[in-house]
Structures are given as C-alpha cells and as structure tokens.
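# Remarks on the overall topology
Residues per chain are reported as follows:
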Amino acid sequence: MKKINSQIVKNKQVLLRVDYNVDLDKKGKIISDFRLRASLPTINFLLKNKAKKIIIISHLGRPEGKDKKLSLLPIAKHLEKLLNQKIIFIDDCVGKKVKEAIESSEEKIFVLENLRFYKEEEKNDKSFAQELAKLADVYVNDAFGVCHRLNASVGAITNFLPSYSGLLLEKEVKNLQKLKKNIKHPFVVILGGAQISTKLPIINEFLDIADYILLGGGLANTIWKARGFEVGKSLIEEEKIPEAKKLGSRKAELILPRDFIITSSFESSKGKLKEIENINKKDIIVDIGETSTKVFCQLIKSAKTILWNGPMGYWENKNFQTATIKIAKAIAQNKNFTVVGGGETLIAIEQLKLIDKYSLVSTGGGAMLEFLAKDNLPALKFLE
C-alpha cells in the first residue's frame, strides 16, 4: 500500500476517511470511543507534519436520508475533547457551502456530516466521490472497518486524488497479515452476533483454515433452525436457512451450543436453562448455557491462535451477558496470539476493562474477518 509521509501532506488539504461508526445509546451518547481514539495517531501525524487542513469524513449507522439522530455532531464534539483542539463541524459533506466553510476558516480540523445521508455513498457513485475530492489535495484512508465495502469514500474517491493509507489502516493490515502467515494450531474462531448473512461466507472460508469454529448468537439459532430444530421466537435470518443447511465440518469442526438461556421477552430480567431439544415455539434464546460455555472456554484455553467476533447472546440486556463475559475473560487469559474485533465485541471488552489483554483489537468486524479469509479487501486495492 502507498503510505503517507511528511512530504505528501505538508501544506496540503487532506481528506481523511475514518471509521467513526460507533454505537450510541438511546440519548445519542457514544457508548465506546475506541474507534475515535484509534484514529488519533494519524490525525496527530498530519498536524505534526504541517498539513494545511484536515477534513474528516465518516459514516454513522444506516440512515434513510438525512437523520438528525445519526448526525456526526456529537462525534465531532467528543473528538475535540480527545484532541484538545478546536474542531469545526459542517452540517453537510459535499457542495459549495462546505468548500467555502473550509476555505474561510482559520481552523485546521473539520468534521463533515454523515456520508450516508447521501445514497450515492453506498453506491460508489463517481460524481459524489468527485464532489468530495474537490475539498482537498490528498486523500488518506484510515477506515479499515469500511474497506470490505466498495463505497464512494473508499473506492471511487481514489480516481480523483492522490491516495494513501493512514497509520491505523497500515497497522491493522500489518498485524492481520502477521496472523494470517503465522497461524499456530489449534486455531479457534469464535463467532457470534445477530446476523449470519455477513458471516456465512466467512464461516465457509474458515472451515478450511481453523481447527474449531464456535458459534453463538443469531448465527447458532439460524443453523439449528436449518437443521430442523425448534428455536421458537429467537432471532434468526429465515432467508439464510437454505445456505445454512449446506454448512458442514471440513478441516474445522463446527461447534454449536446445545444448551441455552431462554425467556419470553428480550426485556426480561431473567431466563431459564433449556437444551436445544426442549425449546418450544414461545421461547426466545437470549444466551448460551453454562455447559456450552464451559465447552467453549475449554477449547479457548488450549488454543494457540484465537479469533473472536460477536457476542454470544442478547448483549443489549445486561442480564444475558454471562456467556460473552466468560468467553471474553477466557480469551484474555490465553497468552498466545489473540485477535478480537467488531462493534459489540469492542463494547464488551471495554466495559470489562480487558482491551489491553489481547494481542490485537481490530476496529473492524466484518472487514477483519473478510481480510483474514480472503487476503485482501476491495478498498485496499485502490491504495496499491
């Protein structure tokens, strides 16, 4: 990849693509600022090496048009505190008004409004990318967590500006390449979270790489449903059942939890233990059970390489975090090579104060998994 250096950025206006797609609570406050803190080395590098202006762009969530609840204004305010430096927030990301606001200001750092307020961003629209490019002289991609998606701000943008990788992007790629080239076995992959759609292709890839793949969350529910078991009103992806039916052990052994915590409501304060054979149509699976958690933790204990992405249960309810907490601690106690990533995973390990207990904490979830499975990502090709 082409990397930034002092000569490239000196006296230049730099368009810096970051990944500030953080989780917000019901009041719109940032739950975890890890991704913001991870971007600071690149921002400080640009400041130190006398970039004329730093124009920060990111997306947040999946808005349908302009949505004040997904504005980057709170992000900009928090970043200002982290940097201890004045930041100008501009409530749009393209157009004459944005360009004039940047040019007329004496400040050095700007945060533009949510890129996904424009549908052209996710369509990798060249005209939209060209409008973004008009704001700067140089483009820097420091958004590893978005590099598996071909969006305008990581793809088409490179047609219009000299393009380089930021320090975080470089660090992520370097460390994940190290993992890929030096996998020591047993290699254990732990996958959880709500959606199986983004992870099914990854599971298929890792079936030929890992020794064990441990599944929890909505992934496990969908696969049990595909195998003909009742999962009640639990979270599943119905349209992915035909694909889930095709999953089977190859090199790796696919291990599903067999006991679960079930309840009648996601808002419940407690649940009861049931094995997969005893779940009925009214049940909702909200966590994996004690026996399955012990099996997972034993495999984690004996692993030489560990990759973890996604909680084991309904993490949003603190009453159903038990398995995720035990697995987070088990991985933290393993002194071999451990890699964790993904939004909810980051929140979990930050709340548990374990973030410095792993070999690598990636800012990417899907990007991390896809890079390890496929060796490259669509957006990285534009930086070669």
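In this report, we go over the structure that sits alongside the text.

Definitions and cut-offs
Residues numbered from 1 in each chain as written. Predicted model: local features only at pLDDT ≥ 70, side-chain atom pairs only at ≥ 80, totals over all residues. Heavy atoms only, no water. Helix = DSSP H or I, 4+ residues; strand = E, 2+ residues; numbered from the N terminus. Buried < 20%, exposed > 50% of the residue type's maximum accessible area, 1.4 Å probe, protein only. Contact = heavy atoms within 4.5 Å. 1 Å grid on protein atoms, 1.4 Å probe; cavity = no way out; pocket = protein on both sides within 12 Å on 5 of 7 lines; lining within 4 Å. Points joined across faces, edges and corners; volume = space filled by probe spheres on them. Nonpolar A, V, L, I, M, F, W, Y, C, P; charged D, E, K, R; others polar. Polar contact = N/O pair within 3.5 Å; in protein donor to acceptor, adjacent residues only side chain to side chain. Disulfide = S-S within 2.5 Å. Arc of directions from axis to C-beta. Pairing = 2+ DSSP bridges. Axes fitted to C-alpha atoms, helices over the stretch in contact; angles between N-to-C directions. Salt bridge = Lys/Arg side-chain N within 4 Å of Asp/Glu carboxyl O. Parallel < 35°, antiparallel > 145°, perpendicular 65-115°, else oblique. Left-handed = near helix turned anticlockwise from the far one by under 90°.

## A look at the environment of Leu-15
Relative to the elements of secondary structure, Leu-15 occurs in strand β1 (residues 13-17). Residue classification places Leu-15 among the buried residues on the basis of a relative accessible area of 0%. For the pair Leu-15 and Leu-132, spaced 117 residues apart in sequence, the C-alpha to C-alpha distance is 8.2 Å. Apart from residues no more than four positions distant in its own chain, Leu-15 is found in contact with Ile-55, Ile-57, Leu-132, Ala-136, Val-138, Tyr-139, Val-140, Ile-157 and Leu-161.

## Topic: empty space enclosed by the protein
All told, the structure shown has three cavities of 30 Å³ or more when counted by the stated rule. A volume near 70 Å³ is recorded for the largest cavity. Surrounding the largest cavity, Asn-21, Val-22, Asp-23, Ser-32, Phe-34, Arg-35, Gly-343, Leu-346 and Ile-347 form its lining. Elements with a contribution of two residues or more to the lining of the largest cavity: α2 (34-48) and α12 (343-351). Residue contributions to the lining of the largest cavity peak at three residues, all from α12. Grouping the amino acids of the lining of the largest cavity by side-chain chemistry returns four nonpolar, three polar and two charged. Of the voids in this model, the second largest cavity is the one considered here, and its volume is about 50 Å³.

## What to know about the environment of Ser-292
Inspection of the secondary structure assignment puts Ser-292 in helix α10 (residues 290-301). Looking at Ser-292, the relative accessible area reads 5%, which means it is buried. C-alpha of Ser-292 to C-alpha of Lys-86: the two residues are 206 residues apart in sequence and 50 Å apart in space. Residues contacting Ser-292, with those up to four places away along its chain left out, are Pro-257, Arg-258 and Asp-259. Here Arg-258 takes part through its backbone nitrogen, which lies 2.8 Å from a polar atom of the side chain of Ser-292.

## A look at the state of the cysteines
Evaluated as defined, the whole model comprises zero disulfides. Here Cys-93 stays free of any disulfide, with the sulfur of Cys-147 as its closest cysteine sulfur at 18 Å.

## Overview of helix α3 (residues 73-83)
For α3, the complete set of buried residues consists of Ile-75, Ala-76, Leu-79 and Leu-83. The buried residues of α3 all sit within an arc of 95° when viewed along its axis, so they share a single face. Those residues of α3 that are buried lie in contact with α2, β2 (53-57), β3 (87-90) and β4 (109-112). Once α3 ends, the next one or two residues include Asn-84, with phi positive near 55°.

## A few points about the sheet that holds strand β14 (residues 337-341)
An order of β9-β8-β7-β13-β14-β15 is seen for the six strands of this open sheet, with the pairing classed as parallel. Here the strands that pair on one side only, and so sit at the sheet edges, are β9 (253-255) and β15 (360-362). With strand direction ignored, the average angle separating the axes of adjacent strands in the sheet is 15°. Direction of pairing for β14 relative to β15: parallel, over a ladder of three bridges. Bridge pairing links Val-340 to Val-361 in β15. In the packing of helix α6 (residues 167-181) onto the sheet, the strands contacted are β13 (305-309), β14 and β15, and the crossing angle to β14 comes to about 130°.

## Examining the pattern of salt bridges
Evaluation of the coordinates by the stated rule reveals 17 salt bridges. A salt bridge links Arg-250 to Asp-208; the shortest N-O distance between them is 3.0 Å. Placement of Arg-250 in the loop between α9 (241-245) and β9 and of Asp-208 in the loop between α7 (200-206) and β8 (212-215) is noted, with a sequence separation of 42 residues between them. A relative accessible area of 43% places Arg-250 in the partly exposed class. Between Asp-283 and Lys-274 there is a salt bridge, with its nearest N and O atoms 2.9 Å apart. Here Lys-274 falls in the buried class, since its relative accessible area comes to 16%. One network of salt bridges, with partners in common, ties together Asp-33, Arg-37 and Glu-350.

## Topic: the sheet that holds strand β10 (residues 259-263)
Sheet architecture is open: three strands sit in the order β11-β10-β12, paired in antiparallel fashion. Both outer strands of the open sheet, β11 (272-275) and β12 (284-288), are each paired with one neighbouring strand and no more. On average, adjacent strands in this sheet sit at an angle of 45° to one another, irrespective of strand direction.

## Concerning the packing of α10 against helix α11 (residues 322-333)
Orientation of α10 relative to α11, taken along the N-to-C sense of each, is 15°, at an axis distance of 9 Å. If you check the angle between α10 and α11, you find them roughly parallel. In the packing of α10 onto α11, the handedness of the crossing is right-handed. Along the contact surface, α10 presents Thr-293, Phe-296, Cys-297 and Ile-300, while α11 presents Ala-323, Lys-326, Ile-327, Ala-330 and Ile-331. Taken together, the residues that form the contact of α10 with α11 break down as seven nonpolar, one polar and one charged.

## Digging into helix α8 (residues 217-226)
Taking burial as the measure, the ten residues of α8 include nine buried ones, the bulk of the element. Taken together, the buried positions of α8 are Gly-217, Gly-218, Leu-219, Ala-220, Asn-221, Thr-222, Ile-223, Trp-224 and Ala-226. Along its buried surface, α8 packs onto β7 (187-191), α7, β8, α9, β10 and β12. One or two steps after α8, the chain reaches Gly-228, where phi turns positive at roughly 95°.

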